[in-house]
Amino acid sequence: DFHNHPLLFPFGWREPLYPYISAFLWEFLPHATGVFIIRLSSTLIDLTTLWIFYLIGKEIGGRRMGILLLAMGAISKEMIMICKFGYGSGTTVLGCALTFLFFLRVLKKPDWIHFLEWGTALGFGAYSYVPFRVWTPVILGCMWLWVFSDARERTWNFFRIILGPGLMAVWAFLFFY
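Residues numbered from 1 in each chain as written. Predicted model: local features only at pLDDT ≥ 70, side-chain atom pairs only at ≥ 80, totals over all residues. Heavy atoms only, no water.

### Points about the nonpolar core
Phase 1 of the analysis: Ile52, Ile56, Trp118 and Leu122 are the most contacted members of the largest nonpolar core, which totals 24 residues.
Phase 2 of the analysis: For this core, the secondary structure elements donating two or more residues are α2 (34-61), α5 (90-108), α6 (112-126) and α7 (132-148).
Phase 3 of the analysis: No other element matches α5, which puts eight residues into this core.
Phase 4 of the analysis: In contact with Trp118, not counting residues within four places along its chain, are Thr99, Phe102, Phe103, Val106, Ile139, Leu140 and Met143. (Core = buried A, V, L, I, M, F, W, Y, C linked by side-chain atoms within 4.5 Å. Buried < 20%, exposed > 50% of the residue type's maximum accessible area, 1.4 Å probe, protein only. Helix = DSSP H or I, 4+ residues; strand = E, 2+ residues; numbered from the N terminus. Contact = heavy atoms within 4.5 Å.)

And the structure:
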């Protein structure tokens, strides 16, 4: 690797989610053509994304909002084109939608199970496609802002004084490294 360790944009590397889904489907349909399997896996990814859109809309404003968001995703020209041509980048939308769904659920009920689901969705996004990695620090920053905006978190104690600057120093080191 020539001692090059990129943090956000590795080059020449394909995320495993799309090929794994395609290989999994091909295991059950061994006589299918490659084009059929690629289109089938893209279609299943899009259908899953549309279901996540429905759940996001339902979290925001109820069942009607969920149906409206699902319909907007269903007629999206970009999603249809990515699905038809069989690009693996459709998994980015799935990862982002899943992370946003669990982010909304954490905001609605902040307990450790919802934080664990949100963290799992955030980790799942890393397996989707490279553009998701740009969104990872943004969504982490939004969660930190939300957590630290709580009045109970505004008290100054030893751990807050050490962890705040320490976290920023580690993040800056990783960014510049």
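### Concerning helix α1 (residues 17-28)
Phase 1 of the analysis: The end-to-end C-alpha distance of α1, which contains 12 residues, comes to 17 Å, matching closely the 16 Å that a straight helix rising 1.5 Å per residue would cover.
Phase 2 of the analysis: Turning to α1, its buried residues number three or more, namely Leu17, Tyr18, Ser22 and Leu25. Viewed end-on, α1 has its buried residues packed into an arc of 130 degrees, placing them on one side of the element. In α1, the exposed positions that point more than 90 degrees away from the buried face belong to Tyr20, Phe24 and Glu27.
Phase 3 of the analysis: Summarising the contacts, the buried residues of α1 are in contact with α2, α5 and α6. (Expected span 1.5 Å × (residues − 1). Arc of directions from axis to C-beta.)

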